[in-house]
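Fold and geometry: a report
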Amino acid sequence: MKIVTTDLLRQLSEQARTSPRLRKNHNIHRRDESRCHRLLNAVEPATYIRPHRHLDPEKDEAFILMSGTLGIVTFADDGAVAETVLLSREQGTLAADIPSGTYHTAVSLEPGTVFYEAKAGPYLPLGDAEKAAWAPGDDEPGAPAYLERLRELFTR
């Protein structure tokens, strides 16, 4: 049995804080080829996750807040914001389930944010049709400004 403890969450958050990408995942599933992926994602506020979708109809994605505060944004195919949800223990919103085919991203809104993610495997890198062409890539110059606009969706 694998157990998730507050110590593990703290360790992952520390690893995320010192990682160049400001995030760290911890796989609970055994292999990338596993049919069911379960993992912890520690994400710090300055990390940018490019909006994307999973075209495989079996790849709905569930996010469950473990610590911190997380903004979830879904988008229309043209990049317009479709919906936002704030995962926050204070507000009592703890999880979101994102249907396959839906463009989405997650935005860390405070240090020490960790969420549990579950989706169908196996792991396959995102294809070009799954990456949002209207959003900058992780290493592109426009990414920090785009991330700030996403963060502002939750601070108005």
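This report concerns the structure included in the present document.

Procedures and definitions
- Residues numbered from 1 in each chain as written.
- Predicted model: local features only at pLDDT ≥ 70, side-chain atom pairs only at ≥ 80, totals over all residues.
- Heavy atoms only, no water.
- Pairing = 2+ DSSP bridges.
- Helix = DSSP H or I, 4+ residues; strand = E, 2+ residues; numbered from the N terminus.
- Core = buried A, V, L, I, M, F, W, Y, C linked by side-chain atoms within 4.5 Å.
- Buried < 20%, exposed > 50% of the residue type's maximum accessible area, 1.4 Å probe, protein only.
- Contact = heavy atoms within 4.5 Å.
- Salt bridge = Lys/Arg side-chain N within 4 Å of Asp/Glu carboxyl O.

What follows deals with the pairing of strand β5 (residues 81-88). Residues in a regular strand point their side chains to alternate faces of the sheet. Pairing of strand β4 (residues 69-75) with β5, which is carried by 7 bridges, proceeds in the antiparallel orientation. Paired with Leu-70 across the strands is Leu-87, a residue of β5. Linkage of β4 to β5, two consecutive antiparallel strands, is achieved through a turn of 5 residues, within which Gly-79 is found at a positive phi near 95°.

For the rest of this paragraph, the subject is the nonpolar core. Tyr-48, Val-73, Phe-75, Val-107, Ala-135, Tyr-146 and Leu-150 are the most contacted members of the largest nonpolar core, which has 13 residues in total. The greatest single-element share of this core, amounting to 4 residues, is contributed by helix α2 (residues 143-152). Here Val-73 is in contact with Val-81, Glu-83, Thr-84, Tyr-103, His-104, Thr-105, Leu-150, Leu-153 and Phe-154, once residues within four sequence places are set aside. The next biggest cluster of nonpolar side chains, apart from the first, holds 11 residues, and it includes Val-43, Leu-87, Ala-106 and Phe-115.

Should their charged atoms come close, side chains of opposite charge can pair. The full count for this structure, using the stated rule, is 10 salt bridges. When the shortest N-O distance is used, the salt bridge between Arg-31 and Glu-33 registers 3.5 Å. Comparing Arg-31 with Glu-33 shows no difference in burial state: the two are exposed. The salt bridge involving Glu-117 is made with Lys-119; its shortest N-O contact spans 3.1 Å. Side by side, Glu-117 and Lys-119 carry an identical accessibility label, which is buried. Residues participating in the shared-partner salt-bridge network are Glu-14, Arg-17 and Glu-44.

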